[in-house]
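Analysis of the macromolecular model
The residues making up each chain are set out below.
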Amino acid sequence: AEYLRLPHSLALIRLRNPPVNALSLAVVNGIREGLQKAMSDHTIKAIVVCGANDKFCAGADISSFSRSSPGISFGVVVDEIQRYEKPVVAAIRGVALGGGLELALGCHYRIAHAEARVGLPEVALGILPGARGTQLLPRLIGVPMSLDLITSGRPVGADEALKLGILDVVINSDPVEEAVKFSQEILDKPLEPRRLLNKSVPSLPNMDSIFSEAFAKVQKQYPGFLAPETSIQALQAAVNLPYKLGIKEEEKLALYLQKSGQARALQYVFFAESSVHKQSPPSVASWQTASPQPISSVGVLGLGTMGRGIAMCFAKAGIPVVAVESDPKQLEIAKKAVTSMLEREASKMQQSGRAWTKPTLTFSSSADMLCESGRFGQKTGKGWYQYDKPLGRVHRPDPWLSEFLSQYRETHHLESRSISQEEILERCLYSLINEGFRILGEGIAASPEQIDIIYLSGYGWPRYRGGPMFYAATVGLPVVLEKLQKYYTQNPDVPQLEPSDYLKKLAAHGNPPPKDWQSLAGPPGSKL
Ligand code: T1G
């Protein structure tokens, strides 16, 4: 943070830490030094705080979280600013997020550009606003809106923030110039009413029900996430405790979250999401730059459930499809399934008076005995279960299946045994993870982050577990390897359980974090 003396007895503290002026230790120390200088200089009457490069501040430096706990020491600075004997005015451009907004809440006045955005997005990182945010915001704008903003983490635009009372002035010109003028006008005004820490939270008669509704809402909206619920507890502390105890509770809850696996996973996701956007190889067209091309025909590799669906979509759109399936049995099944789907669609279309071309489909197969007997799952009304109707969702056990399984066991000389939840989970998850390592080794995925982001965005993997590859590192690669080895030995007929070479290479290094995998395992041979 830079310290500048301005005309009219003013000092300026400008945060400068590209790209978003995050609150690194150096920035925080710079702010404190600036405040001390301005205090000991009797010619200085007021201080303006702003950020360089058209941004105020995006909060604590997330990249340093694994090294130190955020927020706690910065909260002391926020209090120092509030108690400061000279007026401190925040001039906000761009973003004031997380610790950036907490810094602004510490200031006695907040002036922002109309296009600025402010908010406390910490929940998205699995933590809470730990530098007084949960204690100061409700004192400023009341409990209901604080609950909304803190548990959702959504930033608000300057106009909404002005209405809520978070900002004092919103302008369309340079907020620093405006803050300089504004400071002259408020020099003689008492500071005490501007110190949020000495105010109490506006009370409401139905506070208990407000909180219980908030708990119910976040449990429904963000099931499994720790941070929203824990933030509500911190807000309760703001209501029930005096400031100096409330901030202790906030610190305690912030530390609890920061140490949780969820915070580590969500912070990994934050960086993974921004890195995958940058990962397309330079010579390859990307969706951002390429313009759509006409599609004359389409190739589909593999005719499992998804392949069939994709082939069908194109066929229905009148685009010729060539589908390739290497397993003869799977091919037969797919052929039947696609033909019957096409016929069904065709008869629907005929009924509705529409016509469509029935485009080229070449197949090639699987060994799924259930499918061979037409048991395709929910779609057909039976699979591992029987359903109330085709496409129905109500399932019940099917005596046919127990008969089938006992015959299967007899044929293959298998003994029935009960399988623990743990084994079910491990065999499903670790074989999925194993496949992830395989495609990393083959260069089909460019990074573990890519696989994880696809699982979070496309398959509903819980965000607070970071994705399958991050999860593997959480469990420990040597553990994943050992378990796969164990299950593969027990089930040599399941190739998905055979540990991939890539995993073996990495596990030999212990449990390296995903970001180090590629450098440790060496460059993949790209098959793309
Ligand atoms: N710390 C470190 N790096 C950050 C950062 C941060 N807070 N915010 C952004 N970056 C990096 C980001 O990784 C990328 O880096 C570059 O900045 C541009 O970001 C005490 C504990 C500010 C709205 O959660 O929402 O304060 O890839 O590509 O689309 O209670 O970044 O270029 O090397 O996303 O213009 C709370 C998170 C922290 C804000 C800009 N703050 N950031 O969006 O660019 S916790 C946040 C954002 C905290 C306190 C607590 C967005 C953005 P690189 P970008 P953008």
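Residues numbered from 1 in each chain as written. Predicted model: local features only at pLDDT ≥ 70, side-chain atom pairs only at ≥ 80, totals over all residues. Heavy atoms only, no water.

1. Looking at the overall build of the protein
Counting its regular elements, the protein contains 21 helices and 13 strands. Relative to the globule expectation of 24 Å for 528 residues, the C-alpha radius of gyration of the protein, 30 Å, shows a markedly less compact shape. Projecting the C-alpha coordinates of the protein onto the three principal axes gives extents of approximately 90 × 55 × 55 Å. For the protein, with 528 residues in total, the buried portion stands at 45%. Carbon and sulfur atoms form 56% of the exposed surface of the protein, whose accessible area is close to 27,500 Å². In the protein, which carries 57 positive and 52 negative side-chain charges, the distance between the mean positions of the two groups comes to 2 Å. (Helix = DSSP H or I, 4+ residues; strand = E, 2+ residues; numbered from the N terminus. Rg over C-alpha atoms; globule rule 2.2 N^0.38 Å. Buried < 20%, exposed > 50% of the residue type's maximum accessible area, 1.4 Å probe, protein only. Areas by Shrake-Rupley, 256 points an atom, 1.4 Å probe, with all protein chains shown as cover. Lys, Arg positive; Asp, Glu negative; His and termini not counted. Charge placed at Lys NZ, Arg CZ, Asp CG, Glu CD.)

2. What about the sheet that holds strand β8 (residues 156–157)?
Strand pairing in a sheet relies on backbone hydrogen bonds. The paired strands run either parallel or antiparallel. Spatial strand order, β5-β7-β8: 3 strands in an open sheet with mixed pairing. Unpaired on one side and paired on the other, β5 (95–97) and β8 mark the two borders of the sheet. Two elements, strand β7 (residues 117–119) and β8, share 2 bridges in a ladder whose sense is antiparallel. In the strand pairing of β8, Val118 is matched with Val156. (Pairing = 2+ DSSP bridges.)

3. Considering the site of the ligand
Taken together, 28 residues surround the ligand, and among them Ala58, Ala60, Gly99, Glu102 and Lys278 come closest. Contacts to the ligand include Glu122, whose side-chain N or O atom sits 2.9 Å from an oxygen atom. In the model, an oxygen atom of the ligand is placed 2.9 Å from a nitrogen or oxygen of the Gly130 main chain. In the complex, 70% of the free accessible area of the ligand, which totals 1,000 Å², lies under the protein chains. Elements represented by at least two residues in the shell around the ligand include exactly α3 (99–106) and α11 (261–276). (Near = heavy atom within 4 Å. Polar contact = N/O pair within 3.5 Å; in protein donor to acceptor, adjacent residues only side chain to side chain.)

4. A short note on the pattern of salt bridges
Using the criterion set out here, one finds 22 salt bridges in the structure. Of the charged contacts, one joins Asp148 and Arg154 as a salt bridge, the two residues approaching to 3.0 Å between their closest N and O atoms. Relative accessible area serves as the criterion here: at 23%, Asp148 is assigned to the partly exposed category. Residue Arg154 is classed as partly exposed on the basis of its relative accessible area, which comes to 29%. Ionic pairing is found between Lys504 and Asp501, a salt bridge with its closest N-O pair at 3.8 Å. You can see Lys504 and its partner Asp501 sitting in helix α20 (residues 501–507), 3 residues apart, about one turn around the helix. Residue classification places Asp501 among the exposed positions, given a relative accessible area of 55%. (Salt bridge = Lys/Arg side-chain N within 4 Å of Asp/Glu carboxyl O.)

5. Section: the pairing of strand β10 (residues 298–301)
With burial as the criterion, only one face of β10 is covered, namely that bearing Val298 and Val300; the residues Gly299 and Leu301 on the opposite face remain uncovered. Once you follow β10 into helix α12 (residues 305–316) and on to strand β11 (residues 321–324), the crossover reads as right-handed. (Right-handed = clockwise from strand over helix to strand, strands pointing away.)

6. Side note on helix α9 (residues 226–240)
Given a rise of 1.5 Å per residue, 15 residues ought to cover 21 Å, and the 21 Å separating the end C-alpha atoms of α9 matches this to within 8%. Those residues of α9 lying buried are Ala227, Pro228, Thr230, Ser231, Ile232, Ala234, Leu235, Ala237 and Ala238. (Expected span 1.5 Å × (residues − 1).)

7. Let's talk about the packing of helix α18 (residues 468–475) against helix α19 (residues 477–490)
Closest axis-to-axis distance for the α18/α19 pair is 5 Å, and the angle between their directions is 95°. In terms of their interaxial angle, α18 and α19 are classed as roughly perpendicular. Mapping the contact onto sequence places Ala472, Ala473 and Val475 in α18 and Leu477, Val479 and Val480 in α19. Taken together, the residues of the contact of α18 with α19 break down into 6 nonpolar, no polar and no charged. (Axes fitted to C-alpha atoms, helices over the stretch in contact; angles between N-to-C directions. Parallel < 35°, antiparallel > 145°, perpendicular 65-115°, else oblique. Contact = heavy atoms within 4.5 Å. Nonpolar A, V, L, I, M, F, W, Y, C, P; charged D, E, K, R; others polar.)

8. Re the environment of Leu164
Structurally, Leu164 is set in helix α6 (residues 158–164). Sequence separation of Leu164 and Gly261 is 97 residues, and the distance between their C-alpha atoms is 34 Å. Residues in contact with Leu164, not counting those within four places in the same chain, are Ile141, Met145 and Leu149.

9. Thoughts on the sheet that holds strand β4 (residues 88–92)
What the 6 strands build is an open sheet, ordered β1-β2-β3-β4-β6-β9; its pairing is mixed. Every interior strand has two partners, whereas the edge strands, β1 (2–6) and β9 (169–171), have only one. Strand-to-strand twist of the sheet, defined as the mean angle between neighbouring strand axes without regard to direction, takes the value 20°. Taken together, the 3 bridges between strand β6 (residues 109–113) and β9 define a ladder with parallel strand orientation. From the neighbouring strand, Ile111 faces β9, where its bridge partner is Val169.

10. A closer look at the packing of aromatic side chains
In total, this model carries 11 aromatic pairs according to the counting rule given. With a centroid separation of 4.5 Å and 20° between ring planes, the pair formed by Tyr455 and Tyr459 is classed as stacked. Connected via pairs of aromatic rings, a cluster forms that spans Tyr455, Tyr459, Trp461 and Tyr471. (Phe/Tyr/Trp six-rings, centres within 6.5 Å; stacked < 30°, edge-to-face > 60°.)

11. Notes on the packing of helix α4 (residues 133–141) against α9
A packed helix pair is summarised by two numbers, namely the angle formed by the two axes and the spacing between the axes. Two elements in contact, α4 and α9, have axes separated by 9 Å at closest approach and are oriented at 60°. What the angle tells us is that α4 and α9 run oblique. You can see that α4 and α9 cross each other, and the crossing is right-handed. Residue-level inspection shows Thr134, Gln135, Pro138 and Arg139 of α4 in contact with α9, the latter providing Ala234, Leu235, Ala237 and Ala238. (Left-handed = near helix turned anticlockwise from the far one by under 90°.)

12. Brief notes about the state of the cysteines
Throughout the structure, instances matching the rule amount to 0 disulfides. Of the cysteine sulfurs around Cys57, a residue in no disulfide, the closest is that of Cys107, at 11 Å. (Disulfide = S-S within 2.5 Å.)

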